[in-house]
Amino acid sequence: MAASASSTMLLSSKSSRASLPWKNQVASTSAFGISSVSLRHRQCRRFVVFSMDAKPTVLVTEKLGEAGLKLLKEFANVDCSYNLSPEELCTKISLCDALVVRSGTKVSREIFESSGGRLKVVGRAGVGIDNVDLAAATEHGCLVVNAPTANTVAAAEHGIALLTSMARNVAQADASIKAGKWLRSKYVGVSLVGKTLAVMGFGKVGSEVARRAKGLGMHVIAHDPYAPADRARAIGVQLVSFDEALASADFISLHMPLTPATNKILNDETFAKMKKGVRIVNVARGGVIDEEALVRALDAGIVAQAALDVFTEEPPPKDSKLIQHENVTATPHLGASTTEAQEGVAIEVAEAVVGALKGELSATAVNAPMVPAEVLSELKPYVVLAEKLGRLAVQLVAGGSGVKSVKVSYGSARAPDDLDTRLLRAMITKGIIEPISSVFINLVNADFTAKQRGLQISEERILLDGSPESPVEFMQVQIANVESKFASAISDSGEIRVEGRVKDGVPHLTKVGSFEVDVSLEGSIILCSQVDQPGMIGKVGSVLGEENVNVSFMSVGRIAPRKQAVMAIGVDEQPSKESLKRIGEIPAIQEFVYLRL
Ligand SMILES: NC(=O)c1ccc[n+]([C@@H]2O[C@H](COP(=O)([O-])OP(=O)(O)OC[C@H]3O[C@@H](n4cnc5c(N)ncnc54)[C@H](O)[C@@H]3O)[C@@H](O)[C@H]2O)c1
Ligand SMILES: O=C(O)[C@H](O)COP(=O)(O)O
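Each chain carries its own residue numbering, running from 1 in the direction its sequence is written. Naming scheme: in the order in which they are written, chains are lettered from A and ligands are numbered from 1. This being a predicted model, a pLDDT of at least 70 is required before a residue's local features are given, and a value of 80 or more before pairs of side-chain atoms are given or counted; all residues contribute to the totals for chains, interfaces and linings. Hydrogens and water molecules were not included; the side-chain quantities draw on all heavy atoms of the structure.

- Identification of the protein as D-3-phosphoglycerate dehydrogenase from Anisodus acutangulus is taken from an unreviewed UniProt entry.
- Recorded in UniProt under Subcellular location (unreviewed entry), the annotation for the protein is "Plastid, Chloroplast".
- UniProt positions are given in the numbering used here, feature names are shortened, and annotations may be inferred rather than shown by experiment. Under Catalytic activity (unreviewed entry), UniProt gives the following word-for-word description of the protein: "(2R)-3-phosphoglycerate + NAD(+) = 3-phosphooxypyruvate + NADH + H(+)".

Have a look at this one:
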């Protein structure tokens, strides 16, 4: 069922950016199983295929810049519904192909479950994806894309704004003057020049903050276990250990993501390691600070001041001791809120969402491999070959065998680190699993689904001599420990084996078991095994001809003249059961199998 349904898919006729130009191939699939003109939704083994002019639906749950909305509207029906309750969102989501959010929408597991498989892309108009349940997204084959670069400068500028305004009590002094007071001695500040700033998390925002702080004459150190030292050196920043950063900083600015490792990384214990009178800026995520411990540290004078843009709970409770603390400056998660950044993230996320809906791979995918456009373009026919080999191999397995172990071999003259096989492996997995289950497989959930089904896919590189011009000379899919409904597909070493190559851009089946054949992987294939003798091609051909089934390719592979042979016949139309039965009844034919691509 899955095989035939996928062959009804039409592919994108447009390609842009990181587009996979795998267009106009009716019997093929896009990386995300969806296209600009035809979307397939799998729900309990049912498919809805939109008509040519049907548009996908994109739900936007938080304010998005106009330019991004415009891009979305050119391609999709856009439903801007703000302030939805979780229940309302769960109800709406089953009618949506994509969801665009900022940090204010919790994209929980329930949302993916409620979508019934229709939701294919979540676009986060910003960096942090801690409000999206990534594991649930991946399990449901839903791509998550973000806008990782467009608000970097805005966040860094806000960090610097908080740093400088905190040091000079700008917010407190402003409030007091508006209250009719003139408190010049109360609001004496501290200078920044010559002070040590520890940037915790030396990524995009952290390094921009560091650059700016150096311009203010600060001595900048950074802690980031994953940042390359040469990048830090290039900005004139020294990478130090976590404890060293805490011990030597006059100011600490937080710029790491919220992860299990960074959750409450600033707590009673770590505050105790800081210089007395340290000042803290947080434009990362509220959860990286234990907020109750921060209140204690402020009360104890360990932390002289804190400037916070983000909170564990947003919005924070009105009576929050932290927000009300006189030494705290707070802003309502405004780091990314500049006109420029909002237009930027809106465009960045809209392009990624539209691209993904068209079946393109995204350069900002969070839960799928990011494959550069040139690589995608080169791999295009191999991706098709990979899926078809997987599809053929699994159809050769005899019922009840249970596929558990698949080995994929890539024969290539390319250096091992010059061939990215993640996409090929995902498509082989798709080819193997889809014909035998109701699961919709794409690049996002291929590895997860294989693991969940106990399907072990191992890969092997066979280094070939010769020109590394094409990425893969041949690809082999072997399924071990199973019986085959077509015994000739079993190789000398006992596995079902199919091998293919790309010839002039077209995927070909070139080996079945130990038999060399050559048939283009289009339409469907009939494999017959017989004793090599004259007239066999004619006999099968005439059965098919009588039914007006067009033969696209025919090829015979044999071990030796007049010995065992395998005939591979490509057909454009599906032969009737009656014709297949007649082929099976041709006396010399020992076994045959009809395989859908
Ligand atoms: N307030 C806002 O509106 C706003 C705007 C943009 C970004 N942010 C937040 O700022 C943070 C940084 O964003 P970015 O774009 O720079 O991300 P990024 O991925 O470029 O940088 C994050 C850095 O943190 C480092 N890191 C990870 N674990 C760490 C740890 N345990 N200790 C120290 N460093 C660690 C990573 O190696 C990486 O270099 C994110 O939490 C993001 O959500 C907030
Ligand atoms: O992670 C981010 O990009 C920032 O926190 C911005 O979040 P926002 O889009 O909700 O302003």
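Next, the rest of the story.
## Examining the pattern of salt bridges
Now for step 1: Only one rule defines a salt bridge in this text: a Lys or Arg side-chain nitrogen within 4 Å of an Asp or Glu carboxyl oxygen. Under the counting rule described, the total for this entry stands at 23 salt bridges.
Now for step 2: Note that Glu 378 and Arg 414 form a salt bridge whose closest N and O atoms lie 2.7 Å from each other. Pair noted here: Glu 378 is in helix H15 (residues 373-395) and Arg 414 is in the loop between strand S15 (405-412) and helix H16 (422-433), with a separation of 36 residues, a long-range link.
Now for step 3: In this structure, the salt-bridge partner of Glu 499 is Arg 501, at a minimum N-O distance of 3.7 Å.
Now for step 4: Only protein chains enter the accessibility calculation, which uses a 1.4 Å probe; a residue whose area is less than 20% of its type maximum is buried, one above 50% is exposed, and one in between is partly exposed. Here Glu 499 falls in the buried class, since its relative accessible area comes to 7%.
Now for step 5: Connected through salt bridges with shared partners, the residues Glu 387, Arg 391, Lys 430 and Glu 434 form a single ionic network. The helix and strand labels rest on DSSP assignments: H or I over at least four residues marks a helix, E over at least two residues marks a strand, and numbering proceeds from the N terminus.

## Focus on unusual backbone geometry
Now for step 1: The amide bond that connects Glu 314 to the next residue, Pro 315, takes the cis arrangement and shows omega of -10°.
Now for step 2: Of note, Asn 169 is a non-glycine position whose phi angle comes to about 55°, a positive value.
Now for step 3: Tracing the chain through its elements places Asn 169 in the loop between helix H6 (152-167) and helix H7 (170-178).
Now for step 4: A relative accessible area of 10% means that Asn 169 is categorised as buried.
Now for step 5: Within the chain, Asn 548 stands out as a residue other than glycine whose phi angle is a positive 60°.
Now for step 6: As for its placement among the helices and strands, Asn 548 is situated in the loop between helix H18 (536-546) and strand S22 (551-558).
Now for step 7: The exposure class assigned to Asn 548 is exposed, which follows from its relative accessible area of 65%.

## A look at the side chain of Thr 364
Now for step 1: Take Thr 364: it is sitting in the loop between helix H14 (339-357) and H15.
Now for step 2: Among the residues examined, Thr 364 registers a relative accessible area of 12% and is labelled buried.
Now for step 3: Side-chain atoms alone can form a polar contact between residues adjacent in sequence; in general such a contact is a pair of N or O atoms within 3.5 Å, and within protein one must be able to donate a hydrogen while the other accepts it. A polar atom in the side chain of Thr 364 sits 3.1 Å from the backbone oxygen of Asn 146.

## Thoughts on the site of ligand 1
Now for step 1: When we say a residue is near a molecule or strand, we mean one of its heavy atoms is within 4 Å of it. Inspection of the region around ligand 1 gives 25 residues, with Lys 204, Val 205, Asp 224, Val 283 and Asp 309 positioned closest.
Now for step 2: One of the backbone N or O atoms of Gly 335 is found 3.4 Å from an oxygen atom in ligand 1.
Now for step 3: Ala 336 is positioned with one of its backbone polar atoms (N or O) 3.1 Å from an oxygen atom of ligand 1.
Now for step 4: In these tables, accessible area is a Shrake-Rupley quantity obtained with a 1.4 Å probe, and a residue counts as shielded only by the protein chains included in the view. Contact with the protein chains hides 87% of the accessible area of ligand 1, taken as 840 Å² for the molecule alone.
Now for step 5: Throughout, the ten residues Ala, Val, Leu, Ile, Met, Phe, Trp, Tyr, Cys and Pro are labelled nonpolar, Asp, Glu, Lys and Arg are labelled charged, and all others, Gly among them, are labelled polar. Looking at side-chain class alone, the shell around ligand 1 contains 12 nonpolar, nine polar and four charged residues.

## Description of the side chain of Glu 495
Now for step 1: Within the secondary structure layout, Glu 495 lies in the loop between strand S17 (474-480) and strand S18 (496-503).
Now for step 2: Charge counting follows a simple rule: Lys and Arg are positive, Asp and Glu are negative, and His as well as the terminal groups are ignored. In this structure Glu 495 is buried but unpaired, with Arg 497 as the nearest side chain of opposite charge at 5.2 Å.
Now for step 3: In this structure the side chain of Glu 495 is engaged in a polar contact, spanning 2.8 Å, whose partner is the side chain of Ser 493.
Now for step 4: Sequence-distant contacts of Glu 495, defined by excluding residues within four places in its chain, comprise Gln 478, Ile 479, Ala 480, Ala 489 and Ile 490. Contact criterion: two residues are considered in contact whenever any of their non-hydrogen atoms come within 4.5 Å of each other.

## Some points on the nonpolar core
Now for step 1: Counting 53 residues, the largest nonpolar core has Leu 396, Val 406, Leu 424, Met 475, Leu 509 and Leu 527 as the members making the most contacts within it.
Now for step 2: Ignoring sequence-local partners within four residues, the contact set of Leu 396 consists of Glu 483, Ser 484, Lys 485, Phe 486, Ala 489, Ile 496, Val 498, Leu 527, Val 593 and Leu 595. Only buried Ala, Val, Leu, Ile, Met, Phe, Trp, Tyr and Cys residues count toward a nonpolar core, and they belong to the same one when joined by side-chain atoms within 4.5 Å.

## Focus on the sheet that holds strand S24 (residues 589-596)
Now for step 1: The four strands are arranged S22-S23-S21-S24 in an open sheet whose pairing can be described as antiparallel. The sheet terminates laterally at S22 and S24, the two strands that pair on one side only. Along the sheet, successive strands turn relative to each other by an average axial angle of 15°, direction set aside.
Now for step 2: For strand S21 (residues 524-531) and strand S23 (residues 564-571), the ladder comprises eight bridges, and the chain directions are antiparallel. Bridge pairing links Val 531 to Gln 564 in S23.
Now for step 3: Strands S21, S22, S23 and S24 of the sheet are contacted by H18, whose axis makes an angle of about 30° with S23. Pairs of strands are assigned from DSSP output, requiring at least two bridges between the strands. A fitted line through C-alpha atoms represents every axis, and for helices the fit uses only the stretch in contact; the resulting angles, taken between N-to-C directions, go from 0 to 180 degrees.

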